[in-house]
Amino acid sequence: MQRSDRRSFLKMAGTSLGIGVLYTAVPAAAASGEIGEMFDFTGKKNGERVTPFTFVQLSDAHVGFNGPPDPLGTKAFERAVEMINQLPQQPDLVLFTGDLTHDSEEKDVHAQRMKQFLGISCRMKVPKIMYVPGEHDAGLDGGTLYREFLGESNYSFDHRGVHFIALDNVSRAKPEVGPEQIAWLKKDLARFPKSAPIVVFTHRPLFDLKPEWEWFTSDGDEVMDVLSPYENVTVLYGHIHRDHEQEQGHVHHYAARSLIFAFPDPENAPEKKPIPFDKDHPFKNLGIRMVHEKVGARPLLNSVAVEDVELTVREFSGINGVQQILKNPSL
Amino acid sequence: MKRSNWIKYSTAMVIPALLLLVFSLGAPHKAQADENPRVIEITAKRFGFTPNQITLKKGETVKLRLTSEDVTHGFFLRPLKIDEEIVPGKTTELTLRPETAGTFTTICDHFCGVNHGNMKMTIVVE
């Protein structure tokens, strides 16, 4: 295989579902007939060939939250579940990037909220649903309740040739990953070639997005030092209740919207206050993201149709890039 | 003593004396500021700090004495490289000398409960 072929081997696409984000991992070289050769190449390197699949990111349901500005409770979350179940192409997995529940001082109340969350989450007809905690799930008790319900808060797994890593940057109460988990991360990644496709999912941003709003991870730089030698890394996170995209060397970061209320753009807002609820558009800013009705000659259909934003392009890596693909939210 | 020697001798004595005088006028002032900085007491309690705003002078050395009235809190301000824990029953002391003027928001970055996200105070550097 020629070196240039390795560049275009996998694309990951993010799709606005109305609520949540659908990502599609597809072989970018399929159209050029190079796919089999590339699968062989990566199969040898990674132990498993990359084959196309989709997954969804959901975030920040805050089940149990009942204050202003959101009078809807779990309605946005339940709507997201319904929409996922109605997708023409069922995703292989769902990644939930934290704040599944809203915290409570009373353990019984918090446990009840976790049960309610799982009752809704388990309605998804998706083979695999993977979680990481947010600070509202694990900040008060160091993650004890979270682990009782969902097991370890950091782990990794492989799916169709892509390596997924769940990072916990909330259970130490402060916004940090901690030295033990960073050591684990190094060990976890050691077996992979630098071209391996890697998806990290976590709750807080791993970079200083807005430290005075607590939108950061204090040892995020150390995590990035571990990740940055790898050429195809995507980091998915929540916490900020709004869209955000950031490129940092080889690593691309994407935030998902919340399922409870939205925060404003920190560049323009003097304070971290939720965007007021709009009763005429109850799900506004909660993931509905109508960007284009069509791009070029390609209409937006019920299936993933538009390559809207090229998010990742690397010259000598195994992955051509992450593409964000936007879909009609009326689906 | 020859006149030229006298001048040399006088110069050798006077210049150090003058230097000593200059330093003695300025140095104690600075040493006093460093050794006995202004002390500011700050109390953390869910979900705020008291006082919720302090004003410092650029270049001024101050000592912050941080205490908590309830649970563990954080005291975080990236631009001034402050990242402290405030544990109940203990006093966290922090000496700083800000070199940049501005208005800075300090947050609690140790999750402390339902309204943790709004726990903050302002440090003004003039």
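About the cut-offs
Residues numbered from 1 in each chain as written. Chains lettered and ligands numbered in written order. Predicted model: local features only at pLDDT ≥ 70, side-chain atom pairs only at ≥ 80, totals over all residues. Heavy atoms only, no water. Contact = heavy atoms within 4.5 Å. Buried area = accessible area lost by both parts, 1.4 Å probe. Salt bridge = Lys/Arg side-chain N within 4 Å of Asp/Glu carboxyl O. Polar contact = N/O pair within 3.5 Å; in protein donor to acceptor, adjacent residues only side chain to side chain. Core = buried A, V, L, I, M, F, W, Y, C linked by side-chain atoms within 4.5 Å. Buried < 20%, exposed > 50% of the residue type's maximum accessible area, 1.4 Å probe, protein only. Helix = DSSP H or I, 4+ residues; strand = E, 2+ residues; numbered from the N terminus. pLDDT = per-residue confidence, 0-100. Axes fitted to C-alpha atoms, helices over the stretch in contact; angles between N-to-C directions. Parallel < 35°, antiparallel > 145°, perpendicular 65-115°, else oblique. Nonpolar A, V, L, I, M, F, W, Y, C, P; charged D, E, K, R; others polar.

Q: What is the right way to look at the interface of chain A and chain B in this model?
A: A common measure of how large an interface is: the accessible area buried when the components associate. On the chain B side, the residues contacting the 19 residues of chain A number 19 residues. Taken together, both faces of the contact between chain A and chain B bury some 1,500 Å²; the carbon and sulfur share is 51%. Ranking the residues of chain A by area buried against chain B places Lys 174, Glu 212 and Glu 214 of chain A at the top, with a combined share of 31%. The interface formed by chain A and chain B includes six salt bridges. We note a salt bridge from Lys 174 of chain A to Asp 83 of chain B, for which the minimum N-O separation is 3.0 Å. Joining chain A to chain B, the criterion identifies nine residue pairs in polar contact (both at pLDDT 80 or more).

Q: Sorry if this is basic, but what is going on with the nonpolar core here?
A: Within soluble globular proteins, side chains that are nonpolar generally end up buried alongside one another. By size, the foremost hydrophobic cluster in this structure holds 23 residues, and its most contacted members are Ile 42, Phe 49, Ile 54, Leu 64, Phe 75, Leu 96 and Ile 123 of chain B. Only β1 (38-45), β3 (53-56), β4 (62-68), β5 (73-77), β6 (82-86), β7 (92-96) and β9 (120-125) of chain B provide two or more residues apiece to this core. Excluding residues within four positions of it along the chain, Ile 123 of chain B makes contact with Ile 54, Leu 56, Phe 75, Leu 77, Gly 102, Thr 103, Phe 104 and Thr 106 of chain B. Listed in part, the 21 residues of the second largest apolar core include Phe 77, Val 81, Val 94 and Leu 100 of chain A.

Q: Mind showing me how you'd approach the confidence of the model for chain A here?
A: Low pLDDT means the predicted atomic positions in that stretch should not be read closely. With 71% of its residues at a pLDDT of at least 70, chain A reaches an overall mean of 76. Note on residues 1-11 of chain A: pLDDT is under 50 here. Beyond four places in sequence and across chains, it has 54 contacts.

Q: I tried to follow the packing of helix α3 (residues 75-85) of chain A against helix α4 (residues 107-121) of chain A on my own but got confused; where do I start?
A: The relative placement of two packed helices is expressed as an angle between their axes plus a distance between the axes. All names here are of chain A. It is at 9 Å that the axes of α3 and α4 come closest, and there the two elements cross at 25°. In terms of orientation, α3 and α4 fall into the roughly parallel class. Along the contact surface, α3 presents Phe 77, Glu 78 and Val 81, while α4 presents Phe 117, Ile 120 and Ser 121. A class-by-class count of the residues in the contact of α3 with α4 yields four nonpolar, one polar and one charged.

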